[in-house]
Amino acid sequence: MSNLHKDIIFLHAPSVYDFRKKPIFYGPVSDVIPSSPVFEMYPVGFMTISSHLEAAGFRTRIVNVAVRMLQSDSFDAEELIRKLDADVFAIDLHWMPHAHGALELAKVVKRHHPEAKVEFGGLTSSYFYDELIRRPEVDLVMRGDTTEEPTVKLMETLQKGGDLSQVPNLVWKDESGGIHDNGLTFSLESLDSVRFDYGTMIKNVLRNMDIKGALPWFGWDRLPLTSVFTVRGCSINCAECGGSHYANGTVVCRKKPAFRSPEKLAEDMDLIQSYLDTPIFIVGDLRQAGNSYAERFLKECRERRIKNHVVVELFNGAGPDYFTQIDRSLEGGWSIEFSPDSHDEKVRSALGKGYTNEAIERTIPSAFDCGCSRFDLFYMNGLPFQDRESALDSARAAKKLWASVKRDDGLFIYNAPFAPFVDPGSRIFENPEEWGYTLRARTLEEHRRLLDNPSWKHVLSYETKWMSRDDVAEISYDAALELAACEHGAGRISDDVYRQRIERTETARDLMHRIDEIMLIADPEEREARLWETKDEGTRMMNSTIANKKDLDWDAGSIWSNGPRVALGLAKSFFRH
């Protein structure tokens, strides 16, 4: 067996395959996340599942096909797939924006490796498992949100020729094409047994000599950001969220959140800082499992002397007592991420976020008074009970928030559309009429087709009683202009930056309108030719359409500057094992 052979290779697809060969205007759908609108960030499950498999003796590899496509127009994804050699190709369909790329990538794998198994996993896969398994390019679907151990069981069964009906959470086809569903029976009640080890990713890169293909997202090597997870599942019930308490019950049959103990969480961070001097994002509000959880965690951080910068998430307001604890526990400084979604209390209450504007307005200055380095706040357009004025009021609220802190305090406020899709399993997706929504896609295939549209507005899967698709798009640009004016008025951006932001936003709006007109052309050849005339401009505006995406960057050295620390961390990991 060749050294190139792997037992399982994890593949991450772009949102649309192959986006380089299509005229696409992505718009602002990813302006407020680290990855591009290609959504090239692979899920952390790649790392954790790979860690468990490696510990069980299996050979794994992670290949981020989306990143490789972004890195070079000449990169041939099909040729790469042809050269790979594995018994199983595992493709994530975690969030719905990958519905097109993941399925098309599976077809490529089957074309070149008909004897290999193609496996799907992730939240979206768990929701659409029945539709997925009926596709000819799919052999296996692993349901659930803690599938590390079931995947080890799957690989052991495949390798030994055992009975797949004994693998929990698995949906599979037998040799004759018959479909079997083993049921969703495995779900961890605690995350303490899950391996969150960035060393696995580093070793994977060294073993396969492929740093380009293993990057979590495009540019991660220059500005790395790591993460640790407090929880899988959620106790909060945000109506639009596919990771909410309700959605977890619907999609992965999780009745309550599974937390990682504060001690293990701090250990994860200590492990990261042994490899990398990079910011660490803590996913999930530390107080979600109770104030004692946060206190135990921060005590552990003090004892372990966590020196990396730490990004803390808030699900509601907080005050000086909490922030003071954070400040004295994290030696490398700390920042905050907070997503109220709307400054309109009626909208926010409908979503399931019960705190007041007063709580938001107290939280921000309190954080900076206690030593916070930066505070990111996020609003969205296209929400229940939100009309044009409500959306613009969220942008206007930034004026008061910026006035509440010092001019050099790092308060960043973002406003973006709720796009492109309503998450499957969320309360809005399951009962759209109750929330005033009309959905344009219900099945996986319908979402896949929407993604093949040339403009982000035409990809949107919903309209509301208060906003049509046109309204969501137009108001997103209007809110961006309002927010830029507030930021300029607060003295936070220069005249030149303000002018550039306005010009870019209006250029993006104009391009959207031009594509709308082109879509009305009846002749398909002429329509396609005209769309291709917009390709270069659409590509140029892939990032920072209505916001300055560089604001999202965290101050950190590149992974290359971390070389000596990586080497020392790997040496320590050898002795740990």
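Residues numbered from 1 in each chain as written. Predicted model: local features only at pLDDT ≥ 70, side-chain atom pairs only at ≥ 80, totals over all residues. Heavy atoms only, no water.

## Details of the overall build of the chain
- Counting its secondary structure elements, the chain contains 24 helices and 17 strands.
- In terms of overall dimensions, the chain is globule-like: its C-alpha atoms have a radius of gyration of 23 Å, near the 25 Å expected for 577 residues.
- When burial is assessed residue by residue, the chain has 61% of its 577 residues classed as buried.
- Partitioning the contacts of the chain with sequence separation of at least 6, the portion at a separation of at least 24 is 76%.
- Split by element, the accessible area of the chain, about 22,900 Å² in all, is 49% carbon and sulfur.
- Of the charged side chains in the chain, 72 are positive and 90 negative; the average position of the first set lies 3 Å away from that of the second. (Helix = DSSP H or I, 4+ residues; strand = E, 2+ residues; numbered from the N terminus. Rg over C-alpha atoms; globule rule 2.2 N^0.38 Å. Buried < 20%, exposed > 50% of the residue type's maximum accessible area, 1.4 Å probe, protein only. Contact = heavy atoms within 4.5 Å. Areas by Shrake-Rupley, 256 points an atom, 1.4 Å probe, with all protein chains shown as cover. Lys, Arg positive; Asp, Glu negative; His and termini not counted. Charge placed at Lys NZ, Arg CZ, Asp CG, Glu CD.)

## Here's the deal with the sheet that holds strand β14 (residues 374-381)
- With parallel pairing, 6 strands are arranged side by side in an open sheet as β8-β11-β12-β13-β14-β15. Every other strand in the sheet has two partners, leaving β8 (226-229) and β15 (410-417) as the edge strands with one partner each. Each adjacent strand pair in this sheet contributes to an overall mean axis angle of 20°, direction not counted.
- For β14 and β15, the ladder comprises 8 bridges, and the chain directions are parallel. Note that in β15 the partner of D376 across the bridge is F412. (Pairing = 2+ DSSP bridges. Axes fitted to C-alpha atoms, helices over the stretch in contact; angles between N-to-C directions.)

## Quick word on unusual backbone geometry
- Cis geometry is adopted by the peptide bond preceding D18, which originates at Y17 and carries an omega value of -15°.
- For D18, the location among the structural elements is in the loop between β1 (6-12) and α1 (45-55).
- Note the cis peptide between A419 and P420, where omega equals -5°.
- Summarising the element assignment, P420 is placed in the loop between β15 and α17 (427-430).

## Some remarks on the packing of helix α20 (residues 469-489) against helix α21 (residues 495-518)
- Taken N-terminus to C-terminus, the directions of α20 and α21 make an angle of 175°; their axes are 10 Å apart at the nearest point. With respect to each other, α20 and α21 are oriented roughly antiparallel. Facing α20, whose interface residues are A473, E474, Y477, D478, A480, L481, A484, A485, E487 and H488, α21 presents D495, Y498, R501, I502, T505, E506, A508, R509, M512 and H513. (Parallel < 35°, antiparallel > 145°, perpendicular 65-115°, else oblique.)

## Digging into the side chain of E487
- One can find E487 in helix α20.
- Not counting the four nearest positions on each side in its chain, E487 is found in contact with W402, R492, I493 and R501.

## Here's the deal with empty space enclosed by the protein
- In this structure the tally under the stated criterion is 3 cavities of 30 Å³ or more.
- In this structure, the largest cavity occupies an estimated 140 Å³ of space.
- As for the largest cavity, its lining consists of 15 residues, of which S15, Y26, V29, L451 and V459 are closest to the centre.
- Across the lining of the largest cavity, the residue classes break down as 12 nonpolar, 3 polar and no charged. (1 Å grid on protein atoms, 1.4 Å probe; cavity = no way out; pocket = protein on both sides within 12 Å on 5 of 7 lines; lining within 4 Å. Points joined across faces, edges and corners; volume = space filled by probe spheres on them. Nonpolar A, V, L, I, M, F, W, Y, C, P; charged D, E, K, R; others polar.)

## Some thoughts on the state of the cysteines
- Under the criterion given, the structure shown has 0 disulfides.
- Distance from the sulfur of C370, which forms no disulfide, to the nearest cysteine sulfur (C372) is 9.4 Å.
- Under the relative-accessibility criterion, C370 is labelled buried at 14%.
- Exposure remark for C372: the relative accessible area of 7% places this residue in the buried category. (Disulfide = S-S within 2.5 Å.)

## A word on helix α7 (residues 148-160)
- Taking 1.5 Å per residue as the helical rise, α7 with its 13 residues ought to reach 18 Å, and the 19 Å between its terminal C-alpha atoms agrees with that figure.
- Those residues of α7 that fall on the buried side of the exposure criterion are E148, P150, T151, V152, L154, M155 and T157.
- Where α7 terminates, the next one or two residues include G161, which has phi positive at roughly 70°. (Expected span 1.5 Å × (residues − 1).)

## Re the sheet that holds β1
- One open sheet holds the 7 strands; their spatial order is β2-β1-β3-β4-β5-β6-β7, and the pairing between them is mixed. The sheet is open, and its two edges are formed by β2 (60-64) and β7 (179-181), each paired on a single side. Averaged over all adjacent pairs, the angle separating strand axes in this sheet is 20°, with direction ignored.
- Pairing geometry for strand β3 (residues 86-92) and strand β4 (residues 117-121), over 5 bridges, is parallel. The residue bridging F89 from the neighbouring strand is V118, located in β4.
- The strands that α1 touches are β1, β2 and β3; relative to β1, the one it contacts most, it runs at about 175°.
- Across the sheet, helix α8 (residues 198-208) lies against β1 and β2, angled at about 90° from β2, the strand it touches most.

## Here we look at the pattern of salt bridges
- Taken as a whole and judged by the stated rule, the model has 45 salt bridges.
- The partner of D270 in a salt bridge is R304, and the shortest N-O contact between them spans 3.0 Å. Of this pair, D270 sits in helix α11 (residues 262-275) while R304 sits in helix α12 (residues 291-304), and the two are 34 residues apart along the sequence.
- Of the charged contacts in the structure, one is a salt bridge between E389 and R396, with a shortest N-O distance of 3.1 Å. (Salt bridge = Lys/Arg side-chain N within 4 Å of Asp/Glu carboxyl O.)

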